[in-house]
Amino acid sequence: MSNAAAADHDFPRPPETFTDHDGRTVTIEAYDGDIDPLVEMYTDFGPDSRSQGVPPRTEADVRDWLPNLVEDGLNVVVWHEDRAVGHAVLVPYQDTSELAIFVHPDYQHAGIGSHLIRVLLGYGQENGLDRVWLSVSNTNHVARALYESVGFETIAKERVEMEMERAL
């Protein structure tokens, strides 16, 4: 996607409610609340659900990690009933914003990540962001396909990870 085409693309804004592929009704909302619902979600992630050291493994480390994301970034959270099941954030980084996205293992492969990233990018557009950057493991083909589907392009590729970005 060219930068001009990317800049013209509008994404949905929060809140957004939809039914995932497993028939669950979920809602994506802008979030700047208490970290406890996110701590509960992240401490339930297994070793296979972590990449590049995030989310952290212990509850104490999650509690140390989350405040900066929630306070400094633009956050959206996916709710199923009263449970946080997904979280994505755009954190200011130099002249861009770094994107991070997480979906609880029990809710993966149900289309939630696709909706979540689109709503997050819309929230970034709504808040005047110009560029978004991310780092992803070269072996994480599902995440790479998701990022490419919303217009991210590879800007650097190392042995273990690659960097991608897109204009908003």
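Residues numbered from 1 in each chain as written. Predicted model: local features only at pLDDT ≥ 70, side-chain atom pairs only at ≥ 80, totals over all residues. Heavy atoms only, no water.

- By the naming in an unreviewed UniProt entry, the protein is GNAT family N-acetyltransferase, taken from Haloarcula rubripromontorii.

**Side note on the environment of Ala84**
For step 1, the next point in the chain: With respect to the element layout, Ala84 can be found in strand E4 (residues 83-93).
For step 2, the next point in the chain: Looking at Ala84, the relative accessible area reads 4%, which means it is buried.
For step 3, the next point in the chain: Taking the C-alpha atoms as reference, Ala84 lies 5.9 Å from Pro37; in sequence the two are 47 residues apart. (Helix = DSSP H or I, 4+ residues; strand = E, 2+ residues; numbered from the N terminus. Buried < 20%, exposed > 50% of the residue type's maximum accessible area, 1.4 Å probe, protein only.)

**Focus: the pattern of salt bridges**
For step 1, the next point in the chain: For the coordinates displayed, the defined rule picks out 6 salt bridges.
For step 2, the next point in the chain: Residue Asp36 is joined to Arg63 by a salt bridge in which the shortest nitrogen-to-oxygen separation is 2.8 Å. With Asp36 in helix H2 (residues 36-42) and Arg63 in helix H3 (residues 59-72), the pair connects residues that are 27 residues apart, well separated along the chain.
For step 3, the next point in the chain: For Asp36, a relative accessible area of 37% gives the class partly exposed. (Salt bridge = Lys/Arg side-chain N within 4 Å of Asp/Glu carboxyl O.)

**As for helix H5 (residues 141-149)**
For step 1, the next point in the chain: Among all positions of H5, only Ala143, Arg144, Leu146 and Tyr147 are buried. Here the buried residues of H5 occupy an arc of 160° about the axis, which is enough to place them on one side. Exposed and facing more than 90 degrees away from the buried side of H5 are His141 and Val142.
For step 2, the next point in the chain: Looking at the buried positions of H5, the neighbouring elements they touch are strand E5 (96-103), helix H4 (112-126), strand E6 (131-137) and strand E8 (161-167).
For step 3, the next point in the chain: Positive backbone phi, at 100°, marks Gly151, one or two positions downstream of H5. (Arc of directions from axis to C-beta. Contact = heavy atoms within 4.5 Å.)

**Comments concerning the nonpolar core**
Nonpolar side chains tend to gather and get buried jointly when the protein is soluble and globular.
For step 1, the next point in the chain: If you look at the biggest cluster of nonpolar residues, it comprises 32 residues, and the most contacted ones within it are Leu99, Ile117, Leu121, Tyr147 and Phe152.
For step 2, the next point in the chain: Secondary-structure elements contributing two or more residues to this core are strand E2 (25-31), strand E3 (74-80), E4, E5, H4, E6, H5 and E8.
For step 3, the next point in the chain: Among residues more than four places away in sequence, those in contact with Leu121 are Phe11, Leu99, Val132, Val150, Phe152, Arg166 and Leu168.
For step 4, the next point in the chain: Counting residues in hydrophobic clusters, the runner-up holds 16 residues, among them Leu38, Val39, Leu69 and Val70. (Core = buried A, V, L, I, M, F, W, Y, C linked by side-chain atoms within 4.5 Å.)

**Brief notes about the confidence of the model for the protein**
For step 1, the next point in the chain: Scored by pLDDT, the protein comes out at a mean of 92, with 95% of its residues at no less than 70.
For step 2, the next point in the chain: Scored below 50 in pLDDT, residues 1-8 shows 11 contacts in the model against residues more than four places distant or in partner chains. (pLDDT = per-residue confidence, 0-100.)

**Observations concerning the environment of Leu121**
For step 1, the next point in the chain: If you trace the backbone, Leu121 turns up in helix H4.
For step 2, the next point in the chain: For Leu121, a relative accessible area of 0% corresponds to the buried category.
For step 3, the next point in the chain: Residues Leu121 and Val89, spaced 32 residues apart in sequence, show a C-alpha to C-alpha distance of 9.4 Å.

**So, the side chain of Asn138**
For step 1, the next point in the chain: Topologically, Asn138 is positioned in the loop between E6 and H5.
For step 2, the next point in the chain: Judged by its relative accessible area of 10%, Asn138 falls in the buried class.
For step 3, the next point in the chain: Only 2.8 Å separates the side chain of Asn138 from the backbone oxygen of Glu158, close enough to count as a polar contact.
For step 4, the next point in the chain: The residues touching Asn138, leaving out its near neighbours within four places in the chain, are Arg144, Lys157, Glu158, Arg159, Val160, Glu161 and Met162. (Polar contact = N/O pair within 3.5 Å; in protein donor to acceptor, adjacent residues only side chain to side chain.)

**What about the environment of Asp20?**
For step 1, the next point in the chain: By the secondary structure assignment, Asp20 is in the loop between strand E1 (16-19) and E2.
For step 2, the next point in the chain: Owing to a relative accessible area of 4%, Asp20 belongs among the buried residues under this scheme.
For step 3, the next point in the chain: For the pair Asp20 and Leu120, spaced 100 residues apart in sequence, the C-alpha to C-alpha distance is 17 Å.
For step 4, the next point in the chain: The contacts of Asp20, once residues within four sequence positions are left out, are Tyr107, Ala110 and Ile112.

**Some details on the packing of aromatic side chains**
Each aromatic ring pair is summarised here by two numbers: the centre-to-centre distance and the angle between the ring planes.
For step 1, the next point in the chain: Taken as a whole and judged by the stated rule, the model has 7 aromatic pairs.
For step 2, the next point in the chain: Look at Tyr31 and Trp79: their rings are 5.9 Å apart centre to centre, the planes differ by 55°, and that puts the pair in the tilted class. Of the two residues, Tyr31 is situated in strand E2 and Trp79 in strand E3; the sequence distance between them amounts to 48 residues.
For step 3, the next point in the chain: Centroid distance Tyr42 to Trp65: 5.1 Å. Interplanar angle 75°. Geometry classified as edge-to-face. Linking Tyr42 in helix H2 with Trp65 in helix H3, this pair joins segments that are 23 residues apart in sequence.
For step 4, the next point in the chain: On the basis of relative accessible area, Tyr42 is assigned to the buried category, the value being 0%.
For step 5, the next point in the chain: Aromatic ring contacts, followed pair by pair, group Tyr42, Phe45, Trp65 and Phe102 into a single cluster. (Phe/Tyr/Trp six-rings, centres within 6.5 Å; stacked < 30°, edge-to-face > 60°.)

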